[in-house]
Amino acid sequence: MLSTHPQRSTADRRAQAQANADQAARDQARRDRRTRVVLGAAAALAVLTVALVVWFVLGRGGPRVEGISELPEGVDAPSVSDAHGGISFGASGEAGSTSGEDAVRVDVYVDFLCPACAQLEDVNGTDLESLRSEGSATVVLHAISFLDAKSDGGSYSTRAAAAFAYVADEAPAQAYDFQAALFDSQPTEGSAALSDEQIEGIAVRVGVPADVAEGIDGERYRDFVGALTQVAFGDPDLLDDQGRFTTPTILVDGTVFEGDWSRPGELRAAVEAAAAD
């Protein structure tokens, strides 16, 4: 009996095969990136002992503010940052906004070169954005820098964090997307750092006006980032159960989140539970 189904042409079969191959390549790339993130995070935790971190951070130039939890007077800080150096994002999505007094405050401390921080964004970025946009949470980002020595070309952590602070101040509506895009474009530790021009290009791609992006290379908030980093390492409320400060560190309504943020939905559940209290 003859089939009533039309035969696919050779061209159609080849096109379908190519589409399948392309999808497989994209899936493999995504798996490879996640593997690199996990391995990179493990390596970073093994290498960065407490002594090394304290020596590197507190030995840098800039205000010596260890042991306090607020930025000192005289540091040029973004107008959208709070007394602790955090930059908040509420339901409107603009830097410096909040979701109101009843919203759960979620503080997130990150380094833009930290592989685990990129994994945090991969796993929880959509949930945090959803909680923020619906008004359930105010997300407060603290972009610090202690991995400058891990970038070939130097100071990438500081330059990226300073760029985020600058964009938050000058283009607040694009700042949240900019920080997510920095993680999407994160260089591998030990590889060539992104140039200022590349960082500016990332900013423009997420909608930052070109004339604003051109000011990124001025690194206006470099000292702010250095002070914010020292404050983070000197704040006892941010230490883990082993007395260390690491990135990412997450606080939910002022309490360090001790759950497993690498499990999808666990951080969201903690924020929702805090909102229900």
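Residues numbered from 1 in each chain as written. Predicted model: local features only at pLDDT ≥ 70, side-chain atom pairs only at ≥ 80, totals over all residues. Heavy atoms only, no water.

## Section: the overall build of the chain
Okay, step 1: Looking only at helices and strands, the chain features 9 helices and 5 strands.
Okay, step 2: Seen in sequence order, the chain has helices and strands lined up from the N terminus as α-α-β-β-α-β-α-α-α-α-α-β-β-α.
Okay, step 3: Counting the 277 residues in the chain, one finds 44% classified as buried. (Helix = DSSP H or I, 4+ residues; strand = E, 2+ residues; numbered from the N terminus. Buried < 20%, exposed > 50% of the residue type's maximum accessible area, 1.4 Å probe, protein only.)

## Topic: the nonpolar core
Okay, step 1: Grouped together as the largest cluster of nonpolar side chains are 70 residues, with contacts concentrated most on Phe164 and Phe178.
Okay, step 2: Ranked by the residues each element gives to this core, the list is headed by helix H4 (residues 156-170), at 10 residues.
Okay, step 3: The residues contacting Phe178, other than those within four sequence positions of it, are Ala163, Phe164, Val167, Ile199, Ile202, Ala203, Val206 and Ile216. (Core = buried A, V, L, I, M, F, W, Y, C linked by side-chain atoms within 4.5 Å. Contact = heavy atoms within 4.5 Å.)

## Brief notes about the packing of aromatic side chains
Okay, step 1: With the rule as written, the count across this model stands at 8 aromatic pairs.
Okay, step 2: Between the aromatic rings of Phe112 and Phe164, the centroid separation amounts to 6.0 Å while the plane-to-plane angle is 65°, which identifies the pairing as edge-to-face. Note that Phe112 is positioned in the loop between strand S2 (104-110) and helix H3 (115-133) and Phe164 in helix H4, a separation of 52 residues in sequence. Both residues of the pair, Phe112 and Phe164, count as buried.
Okay, step 3: Arg132 extends its terminal NZ or CZ atom over the ring of Tyr176, reaching a point 4.9 Å from the ring centre. (Phe/Tyr/Trp six-rings, centres within 6.5 Å; stacked < 30°, edge-to-face > 60°. Lys NZ or Arg CZ within 6 Å of the ring centre and 35° of its normal.)

## Overview of unusual backbone geometry
Okay, step 1: Omega for the bond connecting Thr247 with Pro248 falls within 30 degrees of zero, at -5°, which places this linkage in the cis form.
Okay, step 2: Mapped onto the elements of the fold, Pro248 is located in the loop between helix H8 (222-234) and strand S4 (249-252).
Okay, step 3: Residue Glu219 is not a glycine yet carries a positive backbone phi of 50°.
Okay, step 4: Tracing the chain through its elements places Glu219 in the loop between helix H7 (210-213) and H8.
Okay, step 5: The backbone of Asp253 sits at a positive phi, close to 50°, despite the residue not being glycine.
Okay, step 6: Counting through the fold element by element, Asp253 comes out in the loop between S4 and strand S5 (255-256).
Okay, step 7: Classification of Asp253 as partly exposed rests on a relative accessible area of 43%.

## Structural notes on the environment of Ser92
Okay, step 1: Take Ser92: it is sitting in the loop between strand S1 (87-89) and S2.
Okay, step 2: Judged by its relative accessible area of 54%, Ser92 is exposed.
Okay, step 3: Along the sequence, Ser92 and Ser133 sit 41 residues apart, while their C-alpha atoms lie 6.7 Å from each other.
Okay, step 4: Those residues in contact with Ser92 that sit more than four places away from it in its chain are Ser97 and Arg132.
Okay, step 5: At 3.2 Å, the side chain of Ser92 and the side chain of Ser97 are in polar contact. (Polar contact = N/O pair within 3.5 Å; in protein donor to acceptor, adjacent residues only side chain to side chain.)

Scope: geometric values only; no functional claims are made or implied.
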